[in-house]
Amino acid sequence: MKKRSKKYTEAVSKIEKNKVYSKEEAVKLVKETSISKFDSSIEVAMRLNVDPKKADQQLRGAIALPKGTGKEVRVLVIAKGDQAKKAQKAGADYVGDVDMIEKIEKENWFEFDTMIATPDMMPLLGKIGRVLGPRGLMPNPKTGTVTMDVEKAIEEVKSGRVEYRTDTFGNIHGVIGKASFSEEDLLVNLNAFVSAILKVRPTTVKGDYIKNISISSTMGPGIKVENNFDK
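None of these values were measured; they are calculated from a predicted model.

Participant: Can you help me understand the side chain of S40 in this one?
Facilitator: Topologically, S40 is positioned in the loop between α2 (23-32) and β1 (41-48). Here S36 takes part through its side chain, which lies 2.3 Å from a polar atom of the side chain of S40. Leave out the neighbours within four places in its chain, and S40 touches S34, G177, K178, A179, S217 and T218.

Participant: For this particular structure, what's the right way to read the packing of α2 against helix α8 (residues 183-199)?
Facilitator: A pair of packed helices can be characterised by two numbers: the angle between their axes and the separation between those axes. Remark: α2 packs on α8, axes separated minimally by 10 Å, with the N-to-C direction vectors making an angle of 120°. With respect to α8, the axis of α2 lies oblique. Seen along the crossing, α2 lies across α8 with a hand that is right-handed. Seen from α2, the contacting residues are K23, E24, V27, K28, V30 and K31; seen from α8, they are E183, L186, L187, L190 and N191. Here the contact of α2 with α8 is built from residues that sort into five nonpolar, one polar and five charged.

Participant: Help me understand the packing of aromatic side chains, please; the structure alone is not making it clear to me.
Facilitator: For any two aromatic rings, the description comes down to two numbers: the centre-to-centre distance and the angle of the planes. The tally for this structure, following the rule as stated, stands at three aromatic pairs. Both rings, one in W109 and one in F112, keep their centres 5.4 Å apart while their planes meet at 40°; by these two values the pair is tilted. Across this residue pair, the class does not change: W109 and F112 are buried. Relative to F112, the ring of F110 lies with its centre 6.1 Å away and its plane at 35°, an arrangement referred to as tilted. On the basis of relative accessibility, which here comes to 3%, the residue F112 falls in the buried class. Here the basic side chain of K23 rests over the ring of F229, its NZ or CZ set 4.7 Å away from the ring centre. Above the face of the F110 ring, R135 is positioned so that its terminal group lies 3.9 Å from the ring centre.

Participant: What am I meant to see in the environment of K17 here?
Facilitator: Position of K17 relative to the elements: it lies in the loop between α1 (6-13) and α2. Along the sequence, K17 and T166 sit 149 residues apart, while their C-alpha atoms lie 27 Å from each other.

Participant: When you look at the sheet that holds strand β7 (residues 171-178) in this model, what are you seeing that I'm missing?
Facilitator: Neighbouring strands of a sheet are bound in pairs by backbone hydrogen bonds; such pairs are parallel or else antiparallel. A sheet is described by the order of its strands in space; here four strands give the open sequence β7-β1-β8-β9, paired in antiparallel fashion. Strands at the two margins of the open sheet, each flanked by one partner only, are β7 and β9 (223-225). Across the sheet, the mean angle separating the axes of adjacent strands is 25° when strand polarity is ignored. Relative to β7, β1 runs antiparallel, the two being bridged by seven bridges. If you follow R47 over to β7, its bridge partner there is N171. Packed onto the sheet, α8 meets β1, β7 and β8 (210-217) and runs at close to 155° relative to β7.

Participant: Sorry if this is basic, but what is going on with the sheet that holds strand β3 (residues 75-78) here?
Facilitator: A sheet is described by the order of its strands in space; here three strands give the open sequence β4-β3-β5, paired in parallel fashion. Sheet topology places β4 (94-96) and β5 (114-117) at the edges, where each strand pairs with a single neighbour. The average angle at which neighbouring strand axes cross in this sheet is 15°, direction not considered. Bridging between β3 and β5 involves four bridges; their strand directions are parallel. By the bridge assignment, L76 is partnered in β5 with M115.

Participant: What is the right way to read helix α4 (residues 98-107) from this model?
Facilitator: Along an α-helix, residues three or four positions apart point the same way, because every turn accommodates 3.6 residues. Residues M100, I101 and I104 constitute the buried set of α4. Taken down its axis, α4 places every buried residue within 105° of arc, on the same side. Pointing more than 90 degrees away from the buried face of α4 are the exposed residues K106 and E107. The elements touched by buried residues of α4 are β3, β4, β5, α5 (122-125) and α6 (129-132). Backbone geometry just after α4 places N108 at a positive phi near 55°.

Calculation notes
- Along each chain, numbering runs from 1 in the same order as the chain's sequence is written.
- Totals for whole chains, interfaces and linings use every residue, but because this is a predicted model, local features are given only for residues with pLDDT of at least 70 and side-chain atom pairs only at 80 or more, for both listing and counting.
- Note that the side-chain values use all heavy atoms of the structure and ignore hydrogens as well as water.
- Think of it this way: any DSSP run of H or I at least four residues long counts as a helix, any run of E at least two long counts as a strand, and we number them from the N terminus.
- Whenever a nitrogen or oxygen atom comes within 3.5 Å of another N or O atom, the pair is scored as a polar contact, on the condition that within protein one atom can donate a hydrogen and the other can accept it, and that pairs from neighbouring residues in sequence are kept only if both atoms are in side chains.
- Any pair of residues with heavy atoms lying within 4.5 Å of one another is described as a contacting pair.
- Simply put, an axis is a line fit to the C-alpha atoms, just over the touching stretch for a helix, and the angle between two N-to-C directions goes from 0 to 180 degrees.
- An angle below 35 degrees is read as roughly parallel, one above 145 as roughly antiparallel, one from 65 to 115 as roughly perpendicular, and any other as oblique.
- Crossing handedness is read from the near helix: turned anticlockwise from the far helix by less than a right angle, it gives a left-handed crossing, and turned clockwise, a right-handed one.
- Classification used: nonpolar for Ala, Val, Leu, Ile, Met, Phe, Trp, Tyr, Cys and Pro, charged for Asp, Glu, Lys and Arg, polar for all others including Gly.
- Any pair of Phe, Tyr and Trp rings, taking the six-membered ring for Trp, is counted once the centres come within 6.5 Å. Such a pair is stacked with planes under 30 degrees apart, edge-to-face with planes over 60 apart, and tilted for the rest.
- Burial classes follow relative accessibility: with a 1.4 Å probe on protein chains only, a residue under 20% of its type's maximum area counts as buried, one over 50% as exposed, and anything between as partly exposed.
- In our convention, an over-ring charge means Lys NZ or Arg CZ found within 6 Å of a ring centre and within 35 degrees of that ring's normal.
- Here, strands pair whenever DSSP counts at least two bridges between them.
- What the arc covers is the set of directions going from the helix axis to the C-beta atoms.

Dropping the structure here:
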């Protein structure tokens, strides 16, 4: 049995076992139970009543958090000509086409967090899909990272857009901020995240869509949250 640290044990003692907290209580507690020495990320986990084996119940997309993520995101844009120039002006950290693709392939270079590409570049990116895919870096139209509007995409990513995707068990995870955020800002982001997931409910889902919701800090314990976001 894994031995927990004294800090973790103290954090757990602040949470009532089996209690489901209101959004406001949960956000307050998640800050109090952040035990890392660094500024922890705050994450939401949602267990959904979906079957990921069915194509129409595989959820994937992106959410623009009103209060941002608190993280500085490095953006690589794969584009040519005018689109490349627009990307540079819009603040992309790296811009290129074949040169950047070869750098990733030959040098195993991954000094970026998000890749945005114009549609015409996707055939070229296909040859390194095997290295981008496992890292979650392959651009996808569903997440807004394959687009002709590179300026908008860069702005959204830099200002706090987070991607989500159901795992093999029908769960969705996402970052909603940092422990240093105010309770009010974390609450705004939590509401935005859950509301976005509610909007993409598959029409084929019967019964309750959301089974449970919890939030936690990096290395901290999970806190169950009341599911009343649609009320």
